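# A closer look at the structure
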Amino acid sequence: MIDVRAIQELATKYDVPFEDALFTSLNISGVDFECGYDRMRTQLRLNNNQLFEYAIKKGDLEYYLAMPVLHTSPFKIRHDQLFLGADKIGDTLGATEDQCNSHYVRRNATAININTNLRTNCRGCKFCYTAYQVSNGEYRLTSVEDFNNFFEGIMVKYSLNDLASIHQLSVVTGCYLMTDELVETLVNLKTSATGYSFKGRIFYLGSQLANPTVLESLRDIKPFGLTFSVEVFERRDILRRNKRAISLSQVKETLSAAKELGFNASIAYVLGLESLDVVEKYFTMFKDYTNKFPTINTLQVHRQQLNTGLEVDGANRLEYYLKARKSLEKIFKDTAMRPLVWENYRGLWFLKFANEELFGCRFPEPPASF
């Protein structure tokens, strides 16, 4: 069973901030929270002065988390406080169910992730947590009129006159029946947003732009970013059928074409499903096909997935993830690519990447007062 002392020892062994090791452990362990749902999200403010000297020094005390609810976890939330064993970690605020919504914001409400295609209807990848989320206000967005109505609501909700302050619009959604539907959606999203003075990046995370010819049809929506959801390199059998049919050679060809078109090009991967040798081998290979740091998510196992053999040997322990972190830092250290703290709540990097400090807005929207 993990505890504060064990995390401190591992953080020292692998030369990472205690805070980074703690959040990694929390993400893979989930949290014991007295509720009736499978996933939760919450604000967190660190307030243990003895444990978090580095975060206090940096002034980075407030975070946002989304985790599975597991009553076997050594982390627990009681009376709006997060504990690891008997050690208090900090105060929580606004703990609620992690539902699947039509949209959610990041980066202090300057980035909007849009679920355009009923994400909870997408099934088949054995590790995906969407199966354990409750749909809340999902609806399809396809036409320019759909997006116009959507943005009108967004501007009212966040007291905006236009979309000039929005840094990125991200389509993170369920799989479409046809790629043409996705392309139409992205083009219409850009057309609508431009009408509201949007000048930021359109971003797509998924696996359905697997053809360089298709990418050509998106040339006019630049700036554009593609993060290809590879998820696993060798265990392709745990993906839904249409995703496992896409070869890694196709992915590399698509990423190369994206770079040539001046797009951001990257991959998304779930860490914990394959051995560290596989992780190192393929990230070394894919580094040359990307120009943006990959989205690396720690595997979160939900109660329905316990004891199913989903994770690789060792991936239920913090040390596996810290070893992976050191290997990935070595691979990407000589590039300009670095993790962005606002993009990923279940990554490996929070306060530092190797010896470099990480900065940025960690909250999806302006935090409530603790």
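These notes cover the structure that comes with them. Within every chain, residues take consecutive numbers counted from 1 along the sequence as written. Reporting in this predicted model follows two pLDDT cut-offs: at least 70 for local features of residues, and 80 or more for side-chain atom pairs to be given and counted; totals over whole chains, interfaces and linings ignore these cut-offs and use all residues. Side-chain calculation: all heavy atoms of the structure are included, whereas hydrogens and water are not.

### Remarks on the side chain of Ser 73
Here Ser 73 shows up in the loop between β3 (62-68) and β4 (75-78). Counting of polar contacts relies on pairs of N or O atoms within 3.5 Å, with two restrictions inside protein: one atom must be capable of donating a hydrogen and the other of accepting it, and residues adjacent in sequence are counted only when both atoms are side-chain atoms. Within polar-contact distance, the side chain of Ser 73 engages the backbone nitrogen of Phe 75 at 3.0 Å. If sequence neighbours within four positions are ignored, Ser 73 has contacts with Ser 29, Gly 30, Val 31 and Asp 32. Helix and strand assignments come from DSSP, with helices taken as H or I runs of at least 4 residues and strands as E runs of at least 2, each series counted from the N terminus. Note on definitions: a residue-residue contact is assigned when non-hydrogen atoms from the two residues lie within 4.5 Å.

### Observations regarding empty space enclosed by the protein
Buriedness for pockets is judged along seven lines, at least five of which must meet protein on both sides within 12 Å for an open set on the 1 Å grid over protein atoms alone, while cavities are sets there where a 1.4 Å probe fits but cannot get out, and lining residues have an atom within 4 Å of a point. Grid points are joined across faces, edges and corners, and a volume is the space filled by probe spheres set on the points. Enumeration according to the criterion identifies 2 cavities of 30 Å³ or more in this entry. Taken as a whole, the largest cavity holds about 150 Å³ of empty space. Tallied by class, residues from the lining of the largest cavity come to 8 nonpolar, 3 polar and 3 charged. If you add up the space inside the second largest cavity, you get close to 90 Å³. What lines the second largest cavity is Phe 23, Tyr 63, Tyr 64, Leu 65, Val 341, Asn 344, Tyr 345, Trp 349, Phe 350 and Arg 362. Ranked by the residues each element gives to the lining of the second largest cavity, the list is headed by β3, at 3 residues. When residues are sorted by character, Ala, Val, Leu, Ile, Met, Phe, Trp, Tyr, Cys and Pro go into the nonpolar class, Asp, Glu, Lys and Arg into the charged class, and all the rest, Gly among them, into the polar class. Classifying every residue of the lining of the second largest cavity gives 8 nonpolar, 1 polar and 1 charged.

### Points about unusual backbone geometry
Backbone torsion omega between Lys 222 and Pro 223 reads 0 degrees, so that peptide bond is classified as cis. Structurally, the position occupied by Pro 223 is in the loop between α6 (212-216) and β13 (224-231).

### Quick word on the sheet that holds β3
Sheet strands pair by backbone hydrogen bonding; their relative direction is either parallel or antiparallel. Only strands that DSSP links by at least two bridges are regarded as paired with each other. Judged by pairing direction, the sheet is mixed, and its 6 strands sit side by side in the order β1-β4-β5-β6-β2-β3 without closing on themselves. Edge strands, defined here as strands with exactly one partner in the open sheet, are β1 (32-33) and β3. The sheet contact formed by strand β2 (residues 39-46) and strand β6 (residues 87-97) spans 6 bridges and is antiparallel. Counterpart to Gln 43 in the pairing with β6 is Leu 93. Inter-axis angles, ranging from 0 to 180 degrees, are taken between N-to-C directions of lines fitted to C-alpha atoms, where helices are fitted over the stretch in contact. Strand contacts of helix α2 (residues 18-29): β2, β3, β4, β5 (81-84) and β6, with the helix running at about 25 degrees to β3, the strand carrying the most contacts.

### Describing the pattern of salt bridges
A side chain of one charge can pair with a side chain of the opposite charge if their charged atoms are brought near each other. In what follows, salt bridge is the name for a side-chain nitrogen of Lys or Arg lying within 4 Å of a carboxyl oxygen of Asp or Glu. All chains considered together, the criterion is met by 20 salt bridges. Glu 62 is the partner of Arg 45 in a salt bridge, and the nearest nitrogen-oxygen pair spans 2.8 Å. Here Arg 45, found in strand β2, pairs with Glu 62, found in strand β3; they are 17 residues apart in sequence, far enough to count as distant. Each residue is assigned to one of three classes by its accessible area relative to the maximum for its type, calculated with a 1.4 Å probe on protein chains only: buried under 20%, partly exposed between the two thresholds, exposed over 50%. When its relative accessible area of 24% is taken as the criterion, Glu 62 is described as partly exposed. One salt bridge connects Arg 219 with Glu 216, and the closest N-O pair in it is separated by 2.8 Å.

### Considerations on the nonpolar core
Buried residues of nine kinds, namely Ala, Val, Leu, Ile, Met, Phe, Trp, Tyr and Cys, make up a nonpolar core once their side-chain atoms join them within 4.5 Å. By size, the foremost hydrophobic cluster in this structure holds 80 residues, and its most contacted members are Phe 151, Leu 169, Leu 186, Leu 209, Phe 224, Phe 233 and Phe 283. Top contributing element to this core by residue count: helix α10 (residues 318-332), with 6 residues. Here Phe 151 is in contact with Ile 114, Leu 163, Leu 169, Leu 189, Ser 192, Ala 193 and Tyr 196, once residues within four sequence places are set aside. Counting 34 residues, the second largest nonpolar core, distinct from the first, contains Ala 11, Met 40, Leu 61 and Ile 77.

### Focus: the sheet that holds strand β12 (residues 201-206)
Spatial strand order, β8-β9-β11-β12-β13-β14-β15: 7 strands in an open sheet with mixed pairing. Of all strands in the sheet, those bounded by a partner on one side alone are β8 (103-106) and β15 (295-298). When the angles between neighbouring strand axes are averaged without regard to direction, this sheet yields 20 degrees. Sheet topology places strand β11 (residues 168-172) next to β12; 5 bridges connect them, and they run parallel.

### Some points on the packing of helix α1 (residues 4-13) against α2
Packing of α1 against α2 leaves a shortest axis separation of 9 Å and a crossing angle of 125 degrees. As summarised for this structure, α1 and α2 are arranged oblique, according to the angle between their axes. Relative to α2, the crossing made by α1 is right-handed. Where α1 abuts α2, its residues Val 4, Ile 7, Gln 8 and Ala 11 lie against Phe 18, Ala 21, Leu 22 and Ser 25. Considering only residue class, the contact of α1 with α2 consists of 6 nonpolar, 2 polar and no charged. Roughly parallel refers to an angle under 35 degrees, roughly antiparallel to one over 145, roughly perpendicular to one between 65 and 115, and oblique to any angle outside these ranges. Crossings are classed by handedness, with left-handed meaning an anticlockwise turn of the near helix from the far one by less than a right angle and right-handed meaning a clockwise turn.

### Here we look at the side chain of Asp 20
Here Asp 20 is to be found in helix α2. Owing to a relative accessible area of 0%, Asp 20 belongs among the buried residues under this scheme. Asp 20 has contacts with Arg 325, Leu 348, Trp 349, Phe 350, Leu 351 and Lys 352, leaving out every residue within four places of it along the chain.

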